Amino acid sequence: MPLTRTPLLSETVRKLVARGAYVNAYNILNRLHPADIAGILADLPEHLRREAFKTLHKRNLTLAGAALSELGVHAPASMSRCMNRMNPGPYHTSVGHEW
C-alpha cells in the first residue's frame, strides 16, 4: 500500500542525493513500495532524479524496474535508457522486454 508521507520523504531523499549521500537515499527508497518510489523520483529535479535512480538501479534492479513501471509512460527518458543498458541476465522476461 503506498504511503501518504511522500512529500516529506521526497524532501529527505532530495537533500541526501544533493549531498551525495547515495547509500542513505537508497536505504530509504529500498524500504518503500514502488509506487512511492515513483512519486519521489517524479518530484526530484532531473539531475537528482537521475542520480537517485542510478543508485537504486545499481543496488536493486528489481525495485528500480518496478518503480519505473509505476511511472509508466511518464518515465523520464534518462531512467528508461538506464534500464535499457542493463545486462538482462536470466530475468529479462520478468520485466517484459525482448532482448
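Everything below is about the structure printed above this text.
These numbers come from a predicted model, not from an experiment. (Residues numbered from 1 in each chain as written. Predicted model: local features only at pLDDT ≥ 70, side-chain atom pairs only at ≥ 80, totals over all residues. Heavy atoms only, no water.)

Participant: Sorry, what's going on with the packing of helix α3 (residues 34–43) against helix α5 (residues 61–71) here?
Facilitator: When two helices pack together, their arrangement is given by the angle between their axes and by how far apart the axes lie. Put simply, α3 and α5 touch, their axes get as near as 8 Å, and they point 70 degrees apart. By the criterion of interaxial angle, the relationship of α3 to α5 is roughly perpendicular. Relative to α5, the crossing made by α3 is right-handed. Seen from α3, the contacting residues are Pro34, Ala35, Ile37, Ala38 and Ala42; seen from α5, they are Leu63, Ala66, Ala67, Glu70 and Leu71. Here the contact of α3 with α5 is composed, by residue class, of nine nonpolar, no polar and one charged. (Axes fitted to C-alpha atoms, helices over the stretch in contact; angles between N-to-C directions. Helix = DSSP H or I, 4+ residues; strand = E, 2+ residues; numbered from the N terminus. Parallel < 35°, antiparallel > 145°, perpendicular 65-115°, else oblique. Left-handed = near helix turned anticlockwise from the far one by under 90°. Contact = heavy atoms within 4.5 Å. Nonpolar A, V, L, I, M, F, W, Y, C, P; charged D, E, K, R; others polar.)

Participant: Can you walk me through the packing of helix α4 (residues 46–59) against α5 in this structure?
Facilitator: Running from N to C, α4 and α5 point in directions that differ by 135 degrees, and their axes come no closer than 5 Å. Classified by the angle their axes make, α4 and α5 are oblique. Only Leu61, Leu63, Ala64 and Leu68 of α5 make contact with α4, whose side of the interface consists of Phe53, Leu56, His57 and Arg59. Residue composition of the contact of α4 with α5, grouped by class: six nonpolar, one polar and one charged.

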